[in-house]
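Coordinates in review
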Amino acid sequence: MHEEWVEYRDGDRICEGFFAWEPGAGKRPCVIVCHAWGGQGDTEREKARELARLGYVGFAIDVYGKGRRGDPLQGNEHLMQPWLDDRAALRRALLAGLDCATRHQQVDERRVGALGYCFGGLCALDLARAAPAGLRAVVTFHAVLTPPRLGAQPPIEASVLVLHGFEDPVAPAADVLALARELTEAGADWQVHVHGHAMHAFSFPGANLPALGIQYDANAARRSAEAADRFLRAALEG
């Protein structure tokens with residue numbers, strides 16, 4: 001497997017992305033991995049490698065900037081909250097990562113997807129909301145679903161798959177229904193898969209704070225991974 005670290009810019013900020021792809025001739029689809037609240041780390045880079053083994057170019061982006069990392073499980077509000085408070089800046093950071101991905105020599109810029117977990121799921125949704133050319137598919141796992149409120153929403157061209165836990169306190173039922181209305185009004189091709197009894201962070205084996213609504217769920221993790229794989233193949237391999 002080929003792996004490559006690249007620096008790219010979001011305005012004056014330097015960000016550091018991670019590419020992974022299997023050897024082979026020709027360009028191929030790319031799947032962008034948007035990191036959770038701790039910043040780009042081992043989990044995101046391993047996901048990029050997993051995507052590479054499936055035939056994509058996996059690209060772990062860096063919203064926070066080079067060297068800005070936290071703990072994957074706790075204490076990252078100081079890193080995440082500024083981006084939640086300034087969704088316009090978040091959109092610019094995501095588009096900078098997308099631009100880096102599409103300029104890579106192995107990437108077919110017309111066939112790009114994005115996925116993310118928790119804060120990364122919000123990032124993937126916000127990338128779809130930006131409606132960039134070439135973005136075909138977005139998948140979210142136990143994501144924050146609140147809209148950015150950045151003015152009139154252009155049509156969303158990417159297909160969207162939301163993988164959600166019914167017991168997730170971070171995204172209550174009202175947020176799910178609001179997102180469904182938002183995506184419908186934007187003309188998006190969308191799906192929401194709700195996993196019964198699943199809480200926030202259901203795909204992370206280390207999550208174990210059920211009193212706070214945070215808990216790993218092996219069944220939901222497996223089923224959501226299978227659904228995401230089918231969805232991305234259908235959207236990107238044509």
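Attention here is on the structure that accompanies the text. (Residues numbered from 1 in each chain as written. Predicted model: local features only at pLDDT ≥ 70, side-chain atom pairs only at ≥ 80, totals over all residues. Heavy atoms only, no water.)

1. Re the side chain of His200
Applied cut-off: The secondary structure listing takes helices from DSSP runs of H or I that are at least 4 residues long and strands from runs of E that are at least 2 residues long, numbered from the N terminus. Three exposure classes are used, based on accessible area relative to the maximum for each residue type with a 1.4 Å probe and protein chains only: buried under 20%, partly exposed in between, and exposed over 50%. We call two N or O atoms a polar contact when they sit within 3.5 Å, provided that within protein one can donate a hydrogen and the other can accept it, with sequence-adjacent residues counted only if both atoms are side-chain atoms. The contact rule is simple, with two residues in contact once any of their heavy atoms fall within 4.5 Å.
Within the secondary structure layout, His200 lies in the loop between strand S8 (190-195) and strand S9 (208-209). With a relative accessible area of 9%, His200 lands in the buried category. A polar contact is formed between the side chain of His200 and the side chain of Asp168, at a distance of 3.0 Å. In this structure, His200 is in contact with Cys118, His142, Asp168, Pro169, Val170, Gly213, Ile214 and Gln215, ignoring residues within four places of it in sequence.

2. Focus on helix H6 (residues 218-236)
Note: α-helices contain 3.6 residues per turn, so residues at a spacing of three or four share the same orientation. Note the following rule: How far a helix is expected to stretch is found by multiplying one less than its residue total by 1.5 Å. An arc is given here, and it is the one of the directions from the helix axis to the C-beta atoms.
For H6, with 19 residues, the first-to-last C-alpha span of 27 Å sits near the 27 Å given by 1.5 Å per residue. For H6, the complete set of buried residues consists of Ala220, Ala221, Ser224, Ala227, Ala228, Phe231, Leu232, Ala235 and Leu236. Within H6, the buried residues cover an arc of 135° as seen down the axis, which keeps them to one side. Among the exposed residues of H6, those oriented more than 90 degrees off its buried face are Arg230 and Ala234. Contact partners of the buried residues in H6: strand S3 (28-34), helix H1 (42-53), strand S5 (107-117), strand S6 (135-141), strand S7 (159-165) and S8. Between the side-chain oxygen of the N-cap and the backbone nitrogen of Asn219 there are 3.1 Å, and the N-cap of H6 in question is Asp217.

3. Describing the packing of aromatic side chains
This is how the line gets drawn: Whether two aromatic rings pair depends on their centres lying within 6.5 Å, for rings of Phe, Tyr and Trp, where Trp uses its six-membered ring; planes under 30 degrees apart make the pair stacked, over 60 edge-to-face, and the rest tilted.
Applying the stated criterion to the full structure yields six aromatic pairs. When the ring of Tyr117 is compared with that of Phe204, the centres are 5.7 Å apart and the planes differ by 35°; the resulting orientation is tilted. Note that Tyr117 is positioned in strand S5 and Phe204 in the loop between S8 and S9, a separation of 87 residues in sequence. Exposure class is identical for Tyr117 and Phe204. Each is buried. Linked through ring pairs, Tyr8, Phe19 and Phe59 together constitute an aromatic cluster.

4. What about the pattern of salt bridges?
Threshold: We define a salt bridge as a contact between a side-chain nitrogen of Lys or Arg and a carboxyl oxygen of Asp or Glu at a distance within 4 Å.
Scanning all chains against the criterion turns up 18 salt bridges. Glu3 is the partner of Arg49 in a salt bridge, and the nearest nitrogen-oxygen pair spans 2.7 Å. Residue Arg49 is found in helix H1, and its partner Glu3 is found in strand S1 (residues 2-10); the two are separated by 46 residues along the sequence. On the basis of relative accessible area, Glu3 is assigned to the partly exposed category, the value being 43%. For Asp108, the salt bridge goes to Arg111, with nearest N and O atoms at 2.9 Å. By sharing partners, the salt bridges in this structure join Glu3, Glu46, Arg49 and Arg53 into a single network.

5. Some remarks on the environment of Asn208
Of note, Asn208 is situated in strand S9. Sequence-distant contacts of Asn208, that is, excluding residues within four places in its chain, are made with Ile214 and Gln215.

6. Some points on the pairing of strand S4 (residues 57-60)
Note the following rule: By the convention used here, strands pair only if DSSP detects at least 2 bridges between them.
The two faces of S4 match: Val57 and Phe59 on one face and Gly58 and Ala60 on the other face are all buried. Two strands pair when backbone bridges link them, and strand S2 (residues 13-21) and S4 are joined in this way by three bridges, in the antiparallel orientation. Among the inter-strand pairings, Ala20 is bridged to a residue of S4, identified as Gly58. Across four bridges, the pairing between S3 and S4 is parallel. Residue Cys30 lies in a different strand from S4, and its bridge partner there is Val57.

7. Topic: the packing of helix H2 (residues 77-85) against helix H3 (residues 87-102)
Going by this rule: The axes used here are C-alpha line fits, helices contributing only the stretch in contact, and every angle between their N-to-C directions lies in the interval 0 to 180 degrees. For classification purposes, an angle smaller than 35 degrees is called roughly parallel, one larger than 145 roughly antiparallel, one from 65 to 115 roughly perpendicular, and anything else oblique. Amino acids are sorted into nonpolar (Ala, Val, Leu, Ile, Met, Phe, Trp, Tyr, Cys and Pro), charged (Asp, Glu, Lys and Arg) and polar (every other residue, Gly among them).
Between H2 and H3, whose axes approach to 5 Å, the crossing angle comes to 105°. Here H2 is positioned roughly perpendicular relative to H3, judged by the angle of their axes. Where H2 approaches H3, its residues Trp83, Leu84 and Asp85 are matched on the opposing element by Arg87, Ala89, Leu90 and Ala93. Looking at side-chain class alone, the contact of H2 with H3 contains five nonpolar, no polar and two charged residues.

Function cannot be inferred from these measures alone, as they are strictly geometric.
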